[in-house]
Each structure stands twice: as C-alpha cells, then as structure tokens.
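So the chains spell out like this:
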Number of protein chains: 2
Amino acid sequence: MYRSHTCGELRMADVNKEVTLSGWVQTVRKFGAITFIDLRDRYGITQLLFGESLQNELDANPLGREFVLQAKGNVNERSNKNLNIATGEIEIVVSEFKILNKSAVPPFKIEDDTDGGDDLRMKYRYLDLRRNAVKKNLELRYAVGRSTRNYLHENNFMDIETPFLIKSTPEGARDFVVPSRMNPGQFYALPQSPQTFKQLLMVSGYDRYYQIVKCFRDEDLRADRQPEFTQIDCEMSFVEQEDILNMFEGLVKRIFKDVKNIDYTEKVERMSWEEAMWQFGNDKPDIRFGMKINNLVFDKSLFPNKQAVLDEEMFAIPPLGGGGATVLAIAVPGCSEYTRKQTDEITEWVKRPQIGMKGLVFIKCNADGTFKSSVDKFYNEEKLKVIADATNAGAGDLILILAGAEERTRKAISELRLEMGKRLGFRKDNEFKLLWVMDFPLFEYAEEDNRWVARHHPFTSPKPDHIEVMINNNPVIENAAEYLKHPYAAIKANAYDMVLNGNEIGGGSIRIFQRELQEKMFAALGMDEAEQQHKFGFLLGAFEYGAPPHGGLAFGFDRLCSILGGSESIRDFIAFPKNNSGRDVMLDAPSTIDAKQFDELQIKLDLKTPNA
Amino acid sequence: MYRSHTCGELRMADVNKEVTLSGWVQTVRKFGAITFIDLRDRYGITQLLFGESLQNELDANPLGREFVLQAKGNVNERSNKNLNIATGEIEIVVSEFKILNKSAVPPFKIEDDTDGGDDLRMKYRYLDLRRNAVKKNLELRYAVGRSTRNYLHENNFMDIETPFLIKSTPEGARDFVVPSRMNPGQFYALPQSPQTFKQLLMVSGYDRYYQIVKCFRDEDLRADRQPEFTQIDCEMSFVEQEDILNMFEGLVKRIFKDVKNIDYTEKVERMSWEEAMWQFGNDKPDIRFGMKINNLVFDKSLFPNKQAVLDEEMFAIPPLGGGGATVLAIAVPGCSEYTRKQTDEITEWVKRPQIGMKGLVFIKCNADGTFKSSVDKFYNEEKLKVIADATNAGAGDLILILAGAEERTRKAISELRLEMGKRLGFRKDNEFKLLWVMDFPLFEYAEEDNRWVARHHPFTSPKPDHIEVMINNNPVIENAAEYLKHPYAAIKANAYDMVLNGNEIGGGSIRIFQRELQEKMFAALGMDEAEQQHKFGFLLGAFEYGAPPHGGLAFGFDRLCSILGGSESIRDFIAFPKNNSGRDVMLDAPSTIDAKQFDELQIKLDLKTPNA
C-alpha cells in the first residue's frame with residue numbers, strides 16, 4: 001500500500017503519528033524556506049509542510065499541480081487552523097517524499113469553479129471527474145443505487161440480469177442493432193428496456209424482480225437525452241395498482257432519507273392525467289407551487305366533464321385570439337407592480353419560437369382594488385374584475401393570459417407558469433414534492449396511419465372496467481375526423497407516472513396478462529397475426545402457461561439522481577456521457593472499423609450522406 | 001394485493017387465521033368428495049383442501065397443472081403432516097377460489113427431475129425458470145451479487161457505471177459492433193470489459209471502483225461460453241499486488257460465508273505459473289487433491305530451473321515415445337488392483353482425440369512390493385522400482401505414464417489427473433479450495449506474425465524488477481526459431497489469477513501507469529504510433545496528467561456462481577442464456593431487420609454464405 005491513511009482522515013487525535021499519504025498536488029505555496037502543499041485524494045485534502053531540510057530536494061524535483069505524490073511524515077497540530085475542512089487542524093511535517101508520477105499542466109483548473117468549457121471538459125473527462133462537484137454527483141448516484149438495492153432487497157425483490165443481445169422489435173423508438181457474425185444477415189438489438197423479460201420472469205414466478213440496468217434508444221438526441229441510459233426496473237406479481245404505488249413511493253421516500261436525510265412523511269399526492277392537463281397544462285406538474293391554470297375558454301371535446309369559467313363571447317376580441325380559441329390564465333402573486341419593461345420582457349418571452357404565442361395579455365390587480373391591463377381599450381374595469389374574480393386573483397397579483405389553439409396555448413401557459421415560478425423562487429432545489437399522475441389515455445391517435453398507438457407501451461392494461469370496452473369494440477377508425485368519438489379514445493390505462501418537482505422520474509403500469517387481450521392490443525396497433533407472432537410470439541406463448549396478474553414500473557436513474565443533486569443536466573451525473581451527436585469525444589467514438597470486421601460481419605456501408 | 005401471505009410462510013402459529021394465497025397449481029389429488037391441491041409460488045408450497053361444498057364449482061372449473069389460482073380460507077392443522085416442507089404442518093381449508101389464469105399443459109414437467117430436453121427447456125425458458133433447481137441457481141446468483149456489493153461497499157469501493165457504446169479497439173477477441181445512425185459509416189463497439197474506463201477512473205482519483213457489469217465478446221462459442229457475460233470488475237489505486245490479493249481473497253471468503261455459510265479461514269495458497277505447469281500441467285490447478293505430476297523427462301528450455309527426475313535414456317523405448325520426448329507420470333492411490341478391463345478403458349480414454357495420446361503405460365505397485373506393468377517386456381522389476389521411487393508411488397498405487405511432445409503430453413497428463421481425481425471422488429462439489437496463480441509470462445509468442453502478444457492484456461505491468469528489461473530491449477524478434485532466448489520471453493507479469501477448484505474464477509494485474517512504458521508495450525505488440533494514438537490516445541493522454549499506481553481484477557460472475565452452485569454449466573446460472581450458436585431460441589434472436597432499419601443505418605448485407 002502506498003499510504004497508511006487517506007487525505008481525509010487525520011485529526012487532532014492522530015498528532016505525533018508517523019503516516020504516509022498519497023495523492024495529487026492541489027496547490028504549492030512557498031514561504032521562504034518552507035513549502036506548503038495541499039495533497040488531495042478522493043477523501044479530502046491534507047496540508048503537507050516541507051521544512052528547510054527538504055528544500056534542496058524540492059528544488060531538484062519541482063512539484064506541479066496534479067503531480068502524484070507520496071509523502072511520509074509526522075502529524076502535527078497546525079498553528080493556523082482551517083476549520084472549514086475536516087483535516088484543517090493538522091498538517092504533516094514531511095520527512096520523505098516521492099513523486100509517483102508527474103503531470104502536464106491540466107487544460108483547465110481542477111476546482112469547483114473551473115475555467116474549462118464544456119467541450120474541453122468532455123474531451124478530458126478523466127480530469128473533469130477529479131473536480132469535487134462532479135465527484136459529489138457520482139457519489140450521490142452511488143448512494144441512490146445502494147439505497148434502492150437495500151430497500152428492494154428488504155422487500156423481497158431479486159436482482160435478475162436480463163440479456164443485452166435481444167431481438168429487434170421496433171415499437172416507437174428505434175433500436176440499436178448489432179450484426180451477428182455467427183448468424184450472417186441477422187442482427188441482435190440492444191434492449192430499449194427489459195420490459196418483456198421482466199414480464200416473462202413474472203410468468204416464471206419470480207414475483208418481485210428488479211434491476212438497475214442500461215437501456216438503449218437510437219433517437220435524435222435532445223438537450224438532455226443519452227443514447228444509453230440507466231433504469232431502475234421493477235416488476236411485481238399478484239398486485240394491483242395500489243400495491244405498486246405504495247411500494248414505490250416507499251422506495252423514493254427511503255432514497256430521500258438515505259441520501260438527503262429528508263423525512264418525506266406526507267402522503268404522496270395523486271392526480272389524474274386529465275386534472276394535470278387541466279390545472280397545470282402538462283402531465284408532469286411541478287406542485288411545489290400553486291399558480292394553477294384558469295381555464296377561461298377551452299376545447300370542450302378534450303375536457304367533456306369540465307365547465308368553462310367564462311363565456312367565450314367575453315373573449316371575442318383580437319388580442320385574445322378571437323372567439324372559440326382556448327383562453328388560459330394564471331394569477332402571478334405579488335407582481336402587480338411590474339414595470340412596462342418587465343411586462344414587455346414577459347411578452348417577448350412568450351413570443352419566442354420555443355413558446356410560440358402571438359402575444360400576452362396582462363391585468364395588474366392593484367392594491368387599491370383597481371385594475372390596469374394591456375387591453376384597457378377593449379375591457380372596462382367591470383369586465384376586468386370579472387376576469388380577476390374568475391382567476392381568483394387578489395390585490396397585488398398579476399394576471400397573465402394566453403390565447404390560441406388548445407394544445408399550443410396549454411403548453412405555453414404551462415411553460416409560462418414554470419418560468420414565473422422559477423423567477424419568483426417557488427422552485428427550490430432543496431424542496432421535493434412527489435406526485436403520482438394516473439389514468440392516462442391508453443391510446444394516442446396517429447394521424448399519418450389513421451390508427452392507434454400505445455401511449456405507454458403495448459403491454460399496459462386498460463383500467464379493469466375498460467377491458468370490456470377494448471375487447472368488444474373494433475379498433476379500426478372508420479372516420480378519421482371523429483377519432484375522438486371512437487370508444488378506444490376514452491379507454492384509460494392502468495398506468496401511473498411518478499413526478500418529482502415537475503420531472504417524470506418513473507412510470508409504469510399494470511400489464512396485460514391474458515393472451516386474448518394482448519392480441520387485441522397488438523391488433524389495435526396495426527399488427528397482423530403474422531407480425532405478432534414474429535415479434536412477440538414468445539410472450540403470447542408464455543401467456544398460455546399460467547401468467548399471473550402483474551405490474552411494475554421503471555425509474556429513470558440518471559434523471560432521478562440529477563434532480564436529487566439539484567441539477568438540470570443528467571450528463572453531470574454520468575461518469576462518461578455522450579454529447580448531443582451521440583459521440584464520446586474523449587474516446588472519439590463511434591469511429592470507423594476495419595475492412596476485416598466488415599468482412600467477418602458480411603455487411604458493407606451504403607452511405608447516402610457524406611461520411612462524417 | 002391478490003394474497004395475504006405467500007405459499008411459503010404459514011405455520012402452526014397461523015392456525016385459524018383467514019388467509020388468501022395466490023400461486024400455481026403444482027398437483028391436484030382427488031379423494032372422493034375432497035380435493036387436495038398443492039399451490040406453489042416462489043416461496044414454497046402450501047396444501048389447499050377443497051371440501052365437499054366446493055366440488056360442484058371445481059367440477060365446473062376444473063383445475064390443471066400450472067393454473068394460476070387465488071384461494072381464500074382458514075389455516076388448519078393437518079392430520080397428515082409432511083415435515084419435509086416448512087409449511088407441511090398446516091393446510092388451508094378453502095372457502096372461495098378464483099382461477100386467475102388458465103394454463104395449457106406444459107411441454108415438460110415443472111419438477112426438479114424434469115422430462116424436458118435441453119432444447120425444449122431453452123425454448124420455453126420461462127417455464128424452465130419455474131423449476132426449483134433453476135430458481136435456486138438464480139437465488140444463489142443474487143446472493144453472491146449482494147454479498148459482493150456489501151463487502152466492497154464496506155471497503156470503500158464505489159459502483160460507477162461505464163459506457164456500453166464505446167470504441168472498437170480489437171485486441172485479441174473480436175468486438176461486437178453497433179452501427180451509428182447519427183454518424184453514418186461509423187460504429188460503436190460493445191465493451192469486452194470496462195478495462196480502460198476503470199483505469200481512467202483511477203486517473204480521476206476514484207481510488208476504489210467496482211461494477212457488476214455485462215461484457216461482450218464475439219468469439220466462436222465453446223461449450224460453456226456466452227457472447228454476453230457478467231464480470232465483477234474492480235480496480236484500486238495506491239496499491240501493490242499484495243494489497244489486491246488480500247482485498248479479493250477477503251471478498252471470496254465473505255461470499256463463502258454469506259452464501260454457503262462456509263468459514264474459509266485458512267490462508268489462500270499461492271503458486272507461480274511455472275510451478276502450476278510443472279506440478280499440475282495447467283495454469284488453474286485443482287488443489288483439492290494431490291496426485292501431482294512427476295516430471296520424469298521434460299523440455300528443459302521451458303523449465304530451465306528444474307531437474308529431471310530420471311535420465312531420459314531410461315525411457316528410450318518405443319511405448320514411451322522415444323528418447324528426448326517428455327515423459328510424465330502420476331501415481332494414482334489405491335488403484336493397483338485395477339483389472340485389465342479398467343486399464344484398457346483408461347488407455348482408450350487417453351487415446352480419444354480430445355486427449356490425443358498414442359498410448360498409456362501403467363505400473364501397478366502391488367501390496368507385496370512387486371510390480372506389474374504394461375511394459376514388462378522392456379523393463380525388469382528393478383527398473384520399475386526406480387520409476388516407482390521417482391514418482392513417490394507406494395504399495396497399492398497405480399502409476400500412469402504418458403509420453404510425447406511437451407505441450408500435448410503435459411495437457412494430457414493434466415486431464416488424466418483430473419479425470420482420475422473425479423473417478424476417485426477427490427473433486428467434491430462441497431469442498432472449496434482457492435489458489436492464487438501468479439508470475440505469468442508477460443508475453444506469448446505469436447508464430448504467424450513473429451511478434452509478441454500480451455498474455456493478459458496490454459495494460460498489465462511487468463514485475464517491478466522486469467520493467468527495466470522491457471524498457472531497455474528492442475521487442476523485435478530477430479530469430480524466430482530462438483524466440484525463447486529473447487529477453488522479453490523471460491519477463492514476468494505483475495498478474496494473478498484466482499483459481500477455485502480448478503477453475504479460473506478471476507484474474508487481474510498491477511497496471512502500467514507510465515506513458516513511456518505503455519507506449520513500449522503497445523510497440524511490442526506491433527502497434528505503430530499512429531495506431532496507438534487512434535486506438536488508445538485517450539489513455540496515453542490520461543497518463544500525462546498524474547496517473548496513480550493502480551491495479552485490479554475481474555471475476556467471472558457466471559462461472560463463480562456455477563462453481564458455488566456445484567454445477568459445471570454457467571448456462572444454468574443465467575436467466576436467459578444463449579445456445580452454442582449465440583442464439584436465444586426463446587426469442588428467436590438474432591433475426592432479420594427491416595429495410596427501413598438498413599436504410600437509416602446506411603449499411604447493407606454483403607453475404608458470402610447462405611443466409612441462415
């Protein structure tokens with residue numbers, strides 16, 4: 001062993017001990033005939049004191065930043081204590097030292113506040129990983145994984161590995177494929193998730209399964225997606241939805257306790273998908289704050305059970321998009337004093353292409369009970385008061401109103417709500433609010449093919465009382481324009497998403513476990529019998545031999561860690577992430593392969609675009 | 001929840017409780033107006049009693065093997081107790097039942113002693129996994145994994161995930177590759193191991209890393225290989241070989257304790273590679289028994305430090321292969337009374353193509369001190385006694401002698417020793433003997449290219465006192481015939497294998513951490529500077545910035561589990577294994593992919609062999 005102790009463990013109680021430390025040179029400070037070195041390792045930093053007798057040796061072997069150093073010496077009480085670090089009361093008076101390895105000058109500073117840009121830090125990821133900020137993220141990730149395993153173990157779950165070289169059955173996302181040399185012309189696929197395997201394990205009687213497992217999706221990468229990502233994947237047999245919700249809110253609460261020392265004792269809130277869309281404009285509401293949507297005018301075919309707050313005639317004026325369009329408002333607390341510059345800025349914000357609104361209407365609810373709006377020439381005080389009442393706005397609030405086509409406007413008001421929440425400090429990194437969103441539609445309508453697609457995935461069961469609707473109706477959509485009237489449009493899934501601070505951290509469902517219903521589902525998705533058999537014959541077969549009722553869910557491990565770590569980027573929580581083009585710039589991968597490899601795999605390139 | 005209890009937990013203390021169980025119908029036994037059903041789940045079997053009042057309902061809904069059943073009733077003390085199972089003192093008097101799912105008649109019996117052949121069980125793997133024997137294997141696997149994680153956690157190791165989509169750098173084994181759609185013409189590779197990543201993590205200061213991780217090798221599959229397999233992958237910084245050996249024999253001892261309740265307190269034996277070859281004829285000796293090789297005549301260029309036991313002239317007779325050949329013997333205890341039929345059978349055994357010997361010489365050491373051999377016409381008693389003394393054979397032993405070319409003969413005697421050990425019951429499944437094999441040659445000679453290849457991998461460091469030999473000599477082999485005289489032939493690696501009962505369960509090394517030495521290694525393996533930079537530029541770069549001394553090892557997780565489980569086949573310990581052609585016969589994978597997939601990936605087939 002090159003050390004007797006780590007750089008994080010020596011204390012006053014160790015004074016006078018002879019120790020050997022090894023680590024990296026963080027800083028070198030020379031004071032006349034004395035040199036101080038901060039030596040760093042994974043566990044901390046310890047100050048080394050090189051006295052006069054070592055100065056010649058030091059001069060002959062100068063130490064630079066990031067040199068790997070072994071130093072032997074005595075633990076000494078510091079005269080100048082640093083109580084900000086655990087080892088700050090002591091130092092090592094060095095008697096001998098050895099340079100274990102030199103270092104070139106790093107391309108950026110290995111400090112919390114680094115001067116390295118994103119690209120540079122990705123290229124030298126092995127140096128970026130030395131920074132305390134990144135190390136803390138990976139430590140948090142490890143702690144979340146360990147907490148997860150402990151909880152699931154205590155609840156009788158078994159970690160069972162499922163294969164990575166499987167069969168390509170593209171449904172929705174694209175598969176990564178792997179040519180098989182031993183079976184020329186054939187390909188494996190990398191799993192998008194272990195979905196069918198965990199269901200087979202339920203058929204096999206394994207009852208409570210989990211895995212923390214890599215999954216793969218060949219999608220065009222958005223800002224915060226990775227082609228390979230990690231899931232906490234779970235499945236249980238002989239359970240109903242309620243059992244699963246309880247088990248897995250228990251898991252997340254346990255992680256809060258183990259990792260953040262937070263006692264999340266309150267009951268996890270629940271909300272239907274329809275309520276989430278109605279009140280928050282999206283299916284993963286951030287419920288750390290209110291500022292709910294006021295549905296002044298909306299598309300009644302989408303919310304058949306809801307009442308309009310105001311007559312749509314009220315809004316039949318140009319700045320509000322004209323009659324019949326959706327009109328949605330939020331009341332922003334305490335912002336009635338916003339200046340013209342501030343309201344202009346918000347208006348510009350909603351007009352950005354990412355939001356796509358034509359404009360913004362605001363009403364200031366003054367402290368004296370009067371109103372001041374951007375539509376004063378269309379609305380008198382009386383009408384403004386009607387709107388203010390309808391939005392539950394009080395004195396001091398600022399009402400923001402968007403209008404336009406239903407889907408876009410709802411999305412925009414949702415974004416605006418989140419933005420205002422952020423600006424007002426309602427979205428605190430250290431406050432955590434869990435929410436179950438439930439009762440999703442089972443199907444979505446795919447316009448291009450005029451058929452249904454599975455909103456979750458094809459193995460999700462309808463709600464128990466919707467099974468009959470599904471079995472007894474023909475999935476074919478006769479009249480595309482009226483697809484919303486098809487009985488399938490109203491079928492709700494026995495599915496649930498777990499939302500944390502406005503992020504979907506997990507989702508799952510009760511599964512179909514009857515062959516007949518599974519076949520009906522596949523048929524609804526446009527698969528004929530031959531295709532069903534080719535792609536999922538093994539699963540349909542398994543359902544013949546005593547499949548138990550079962551369900552489960554999967555957490556996005558990278559995302560869960562990033563939220564717990566208070567970051568928006570999952571990349572910061574992955575040791576070796578890829579960039580937005582799916583490249584590992586450190587490795588320079590993907591890359592070309594040898595002619596011999598093509599030859600053995602019996603494939604060749606068929607490039608339509610210039611080789612990158 | 002479809003149950004209040006599992007089928008494995010009810011005891012006498014639960015008598016009179018009302019319970020609900022769910023599980024699979026194992027057996028149905030009718031006795032007049034009463035029906036007994038054994039209900040099975042992951043946790044056990046519980047007897048259900050269906051009284052007279054339920055017979056009509058049962059007749060209307062007949063239960064078959066593997067039906068999924070939910071039954072409610074009262075726990076009752078059995079009159080006819082079965083003390084062989086934990087629940088055998090009670091039964092459930094059923095009041096209500098529900099068939100949750102039917103089952104077709106399974107294609108084989110779901111019992112320990114099944115009637116299903118290998119192919120059938122692979123195709124219906126989800127049913128095979130129901131068998132108790134297979135379940136026990138997966139439970140053992142989970143227990144080994146959990147024990148490993150706990151031990152490593154307690155020793156400050158961190159589980160850090162490394163990427164699966166990496167760069168193809170084929171060295172030795174073939175990579176599986178993955179075409180990149182976003183980078184047309186380029187490919188990822190699946191990792192053969194996380195070797196370079198764990199080394200980068202050491203450079204990053206993570207000091208103690210582990211991962212239980214899938215690895216991939218596209219090799220022609222031998223009987224017990226899988227294209228995807230799992231490693232317990234570990235790496236440590238600031239350590240020397242001794243530290244690693246101690247840490248990881250600690251891990252295996254902990255696994256023995258946790259999983260098998262075995263206190264493996266003795267020191268793990270150590271042996272040099274040369275000793276292993278000399279005494280056991282292979283580099284992974286089974287030391288549960290002795291019967292060491294007696295090197296009567298051997299190739300002195302391979303064992304320069306060893307003394308011949310007997311003059312080779314002694315063996316210059318036809319049945320022993322003629323002068324100069326290698327002659328090796330084992331003394332098999334207590335077998336001097338073998339019949340002619342038995343010795344003939346052993347002779348046939350060594351003549352099989354897998355062993356490849358021309359014949360076998362035996363000498364029976366009779367109880368009365370006389371000898372009887374298959375070469376009596378060439379050797380008199382006196383000469384036989386010389387041989388018997390040289391092989392340390394005593395009265396009652398049977399000496400078996402093989403002769404021929406060094407490599408083949410050594411391999412053959414090694415196989416013969418193992419075979420005789422097995423026949424004589426010396427290789428007990430429940431006896432475990434660990435061994436470190438060390439001091440391997442760093443290089444092997446590749447005849448076809450007349451160059452060196454790395455015996456372990458290109459990142460293994462030479463023994464400290466062999467580093468200078470490597471640095472100061474030109475790796476080029478001028479005279480192919482005399483490659484053994486090249487200084488590189490004598491360089492020993494700072495590497496170690498862990499052997500359990502004659503199986504290599506793990507291996508590792510102290511790594512090179514200096515750029516200069518790493519470049520010398522790559523050059524020795526025939527890589528010019530451009531190739532080094534293309535394939536391993538990131539690693540050479542990392543070594544510029546303060547790489548610490550480090551080393552590690554990896555255990556073959558599948559193999560370790562199979563040995564602990566007393567099985568020779570790793571396939572029995574993998575939930576969804578592939579067959580010898582790399583096929584998953586349950587999924588029917590690999591398979592063809594769609595034209596659209598080829599199109600998007602910009603590749604096409606280039607088949608030289610008929611499509612399978």
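## Concerning the overall build of chain A
Summing up its helical and strand segments, chain A has 15 helices and 23 strands in all. Once the C-alpha set of chain A is aligned to its principal axes, its extents read approximately 90 × 75 × 55 Å. In chain A, the share of contacts with a sequence separation of at least 24, taken over all contacts with a separation of at least 6, comes to 68%. Carbon and sulfur atoms provide 47% of the accessible area of chain A, an area that totals close to 24900 Å².

## Let's talk about the domain arrangement of chain A
Each domain of chain A was delimited in the assignment, giving domain 1 (12–101), domain 2 (289–427) and domain 3 (441–492 + 514–547). One C-alpha centre belongs to domain 1 of chain A, the other to domain 3 of chain A, and the line joining them spans 68 Å.

## Considerations on the interface of chain B and chain A
Each partner contributes to the interface: chain B provides 131 residues, whereas chain A provides 131 residues. Taking both sides of the interface into account, the surface hidden between chain B and chain A amounts to around 12300 Å²; carbon and sulfur atoms contribute 57%. The largest per-residue losses of area from chain B upon contact with chain A belong to B:Y142, B:F238 and B:Y545, which jointly make up 7% of the total buried on that side. At the boundary of chain B with chain A, the tally comes to 13 salt bridges. Here A:D599 ties to B:K608 by a salt bridge, and the two come within 2.7 Å at their closest N and O atoms.

## Some words on the environment of B:H550
Residues and elements named next belong to chain B. With respect to the helices and strands, the residue H550 is situated in strand β22 (residues 550–556). Taking relative accessible area as the criterion, H550 reaches 1% and is therefore assigned buried. Considered as a pair, H550 and L442 are 108 residues apart in the sequence and their alpha carbons are 17 Å apart. Each residue touching H550, except ones within four places of it in the same chain, is listed here: Q199, M202, E235, M236, S237, I510, R511, I512 and F513. There is a polar contact of 3.1 Å between the side chain of H550 and the side chain of Q199. Only 2.8 Å separates the side chain of H550 from the backbone oxygen of P548, close enough to count as a polar contact.

## Observations regarding the nonpolar core
With 75 residues, the main nonpolar core has A:Y126, B:V144, B:F248, B:L434, B:W436 and B:F555 as its most contacted residues. Among the elements that take part in this core, helix α6 (residues 241–260) of chain B stands out by supplying nine residues, more than any other. For B:V144, the contacting residues outside a window of four places in its chain are B:I255, B:V259, B:F557, B:L560, B:C561 and B:L564. Ranked by size, the runner-up nonpolar core spans 74 residues in total, among them A:F157, B:Y124, B:L127 and B:L129.

## Observations concerning a positive patch on the surface
Together, A:R217, A:R222, A:R225 and A:K284 give the surface a local cluster of positive charge. Looking at where A:R222 falls in the secondary structure, it is placed in the loop between β9 (208–216) and β10 (228–237).

## Description of the relation of the copies chain B and chain A
Taken together, a rotation about one axis and a shift along it account for how the two chain copies relate. Note on the copies: chain B fits chain A at an RMSD of 0.0 Å, the axial shift is 0.0 Å, and the rotation between them is 180°. In symmetry terms, the pair is related by a two-fold rotation axis. A share of 100% of the interface residues of chain B reappears at the interface of chain A, consistent with the copies meeting face to face through the same patch.

## A few points about the environment of A:K341
Residue and element names in this part refer to chain A. Mapping K341 onto the fold places it in helix α8 (residues 340–351). According to the relative accessible area criterion, K341 is exposed, its value standing at 70%. Through-space distance from the C-alpha of K341 to that of E77 is 58 Å; in sequence the pair is 264 residues apart.

## Some thoughts on the sheet that holds strand β5 (residues 90–101) of chain B
Residues and elements named next belong to chain B. Strand order in the closed barrel formed by five strands is β1-β2-β3-β5-β4, and the pairing between neighbours is mixed. The sheet shows a mean angle of 55° between the axes of neighbouring strands, taken without regard to direction. The sheet contact formed by strand β1 (residues 18–31) and strand β4 (residues 68–77) spans seven bridges and is antiparallel. Among the inter-strand pairings, G23 is bridged to a residue of β4, identified as L69.

## A few points about the packing of aromatic side chains
A full pass over the atoms with the stated rule returns 57 aromatic pairs over all chains. Consider the rings of A:Y124 and A:Y126, whose centres lie 6.1 Å apart with planes at 75°: the pair is edge-to-face. For the residue pair A:Y124 and A:Y126, the accessibility class agrees, reading buried in each case. When the centroid spacing of 5.4 Å and the interplanar angle of 10° are considered together, the rings of B:F256 and B:Y264 count as stacked. A residue is classified by how much of its surface remains accessible, and B:F256, at 0% relative accessible area, is buried. Of the aromatic side chains, those joined through ring pairs into one cluster are A:F443, A:Y445, A:W452, A:Y483 and A:Y488. In this structure, A:K300 is placed above the aromatic ring of A:F298, and the distance from its NZ or CZ to the ring centre is 5.3 Å. Just above the ring of A:F289 sits the side chain of A:R417; from NZ or CZ to the centre is 4.0 Å.

## Examining the sheet that holds strand β16 (residues 398–404) of chain B
Residue and element names in this part refer to chain B. Read from one edge to the other, the open sheet built from five strands follows the order β12-β13-β16-β14-β15, with strand pairing classed as antiparallel. In this open sheet, the two edge strands, each paired with only one partner strand, are β12 (294–297) and β15 (371–373). Neighbour-to-neighbour, the strand axes of the sheet open up by a mean angle of 25°, direction not taken into account. The pairing of strand β13 (residues 326–332) with β16 spans seven bridges and is antiparallel.

## Examining the packing of helix α4 (residues 132–154) of chain A against helix α4 (residues 132–154) of chain B
Interhelical geometry of α4(A) versus α4(B) gives an angle of 135° and a closest axis separation of 12 Å. The angle between the axes of α4(A) and α4(B) places the two elements in the oblique class. Between α4(A) and α4(B) lies a crossing of left-handed hand. Facing A:Y142, A:R146, A:R149, A:N150 and A:H153 of α4(A), the residues of α4(B) in contact are B:Y142, B:R146, B:R149, B:N150 and B:H153. Residues of the contact of α4(A) with α4(B), tallied by class, amount to two nonpolar, four polar and four charged.

## Quick notes on the environment of B:N76
Residues and elements named next belong to chain B. Here N76 is to be found in strand β4. Taking the C-alpha atoms as reference points, N76 and E18, separated by 58 residues in sequence, lie 9.8 Å from one another. Setting aside chain neighbours within four positions, we find N76 in contact with V15, E89, I90, E91 and V93.

## Notes on the side chain of B:D128
All names here are of chain B. Positionally, D128 belongs in helix α3 (residues 125–128). Since its relative accessible area comes to 1%, D128 is described here as buried. For D128, the side chain forms a polar contact with the side chain of R121, separated by 3.2 Å. Within the local environment of D128, its side chain forms a polar contact with the side chain of R131, the two groups lying 2.8 Å apart. In this structure, D128 is in contact with F108, R121 and V134, ignoring residues within four places of it in sequence.

## Things to note about empty space enclosed by the protein
One pass over the structure, following the stated rule, counts nine cavities of 30 Å³ or more. The volume enclosed by the largest cavity comes to roughly 710 Å³. Among the elements of the structure, α4 and β9 of chain A together with α4, β9 (208–216), β10 (228–237) and α14 (557–564) of chain B are those that each provide at least two residues to the lining of the largest cavity. For the lining of the largest cavity, the element with the most residues is α4(B), which contributes seven residues. Residues of the lining of the largest cavity, tallied by class, amount to 20 nonpolar, ten polar and 15 charged. Estimates place the volume of the second largest cavity at around 120 Å³. What lines the second largest cavity is a set of 16 residues, among which A:K214, A:E228, A:I574, A:F576 and B:P163 lie closest to the centre. Element by element, the count of residues in the lining of the second largest cavity is highest for β10(A), at three residues. Grouping the amino acids of the lining of the second largest cavity by side-chain chemistry returns seven nonpolar, three polar and six charged.

Definitions and cut-offs
Every chain begins its residue count from 1, and numbering advances along the sequence as written. Think of it this way: whatever chain is written first is A, whatever ligand is written first is 1, and the rest follow in order. With the structure being a predicted model, the display of local features is reserved for residues of pLDDT at least 70 and the display and counting of side-chain atom pairs for 80 or more, all residues being used for whole-chain, interface and lining totals. In computing side-chain properties, one takes all heavy atoms of the structure into account and sets aside hydrogens as well as water. Where helices and strands are cited, they refer to DSSP runs of H or I of at least four residues and of E of at least two residues respectively, numbered from the N terminus. By definition in these notes, contact holds between two residues if any of their heavy atoms fall within 4.5 Å. To measure how exposed things are, a 1.4 Å probe is used in the Shrake-Rupley method; for residues, cover is taken only from the protein chains shown. Domains are outlined according to an automatic or database domain assignment. Throughout, the accessible surface (probe 1.4 Å) given up by two parts as they are put together, summed over both, is called the buried area. Any Lys or Arg side-chain nitrogen located within 4 Å of an Asp or Glu carboxyl oxygen qualifies as a salt bridge. When accessible area is computed with a 1.4 Å probe and restricted to protein chains, residues below 20% of their type maximum are described as buried, those above 50% as exposed, and intermediate ones as partly exposed. Under this definition, polar contacts are N or O atom pairs within 3.5 Å; protein pairs additionally need one hydrogen-donor-capable and one acceptor-capable atom, and for neighbouring residues in sequence, both atoms have to be side-chain atoms. We call a set of buried residues a nonpolar core when its members are Ala, Val, Leu, Ile, Met, Phe, Trp, Tyr or Cys and they connect through side-chain atoms within 4.5 Å of each other. Each patch groups residues whose relative accessible area exceeds 30% and which form no salt bridge, using 9 Å between like charges and 5 Å between nonpolar side chains of Val, Leu, Ile, Met, Phe, Trp and Tyr. The charged-residue count follows a simple rule in which Lys and Arg add positive charge and Asp and Glu add negative charge, with His and chain termini not counted at all. Where a charge sits is defined by one atom per residue type, namely NZ (Lys), CZ (Arg), CG (Asp) or CD (Glu). When the copies are overlaid, the least-squares fit takes in C-alpha atoms only where the residue has pLDDT of at least 70 in both copies. Pairing between strands is defined by DSSP: at least two bridges between the two strands are required. Here an axis means a line fitted to C-alpha atoms, over the contact stretch when the element is a helix, while the angle between two N-to-C directions is reported on a 0 to 180 degree scale. Two rings belonging to Phe, Tyr or Trp (six-membered ring only in the last case) form a pair when the distance between their centres is within 6.5 Å. Interplanar angles under 30 degrees mark stacking, angles over 60 mark edge-to-face geometry, and anything in between is tilted. The criterion is that NZ of a Lys, or CZ of an Arg, lies within 6 Å of the ring centre and within 35 degrees of the ring normal, and then a charge sits over that ring. Just so you know how the angles are binned, under 35 degrees is roughly parallel, over 145 roughly antiparallel, 65 to 115 roughly perpendicular, and the rest oblique. Crossings are sorted by hand: turned counterclockwise from the far helix by less than a right angle, the near helix makes the crossing left-handed, and turned clockwise it makes it right-handed. Amino acids are sorted into nonpolar (Ala, Val, Leu, Ile, Met, Phe, Trp, Tyr, Cys and Pro), charged (Asp, Glu, Lys and Arg) and polar (every other residue, Gly among them). A 1.4 Å probe that fits but cannot get out identifies a cavity on a 1 Å grid over protein atoms alone, an open set with protein on both sides within 12 Å along at least five of seven lines counts as a pocket, and a residue lines either if it has an atom within 4 Å of a point. Grid points are joined across faces, edges and corners, and a volume is the space filled by probe spheres set on the points.

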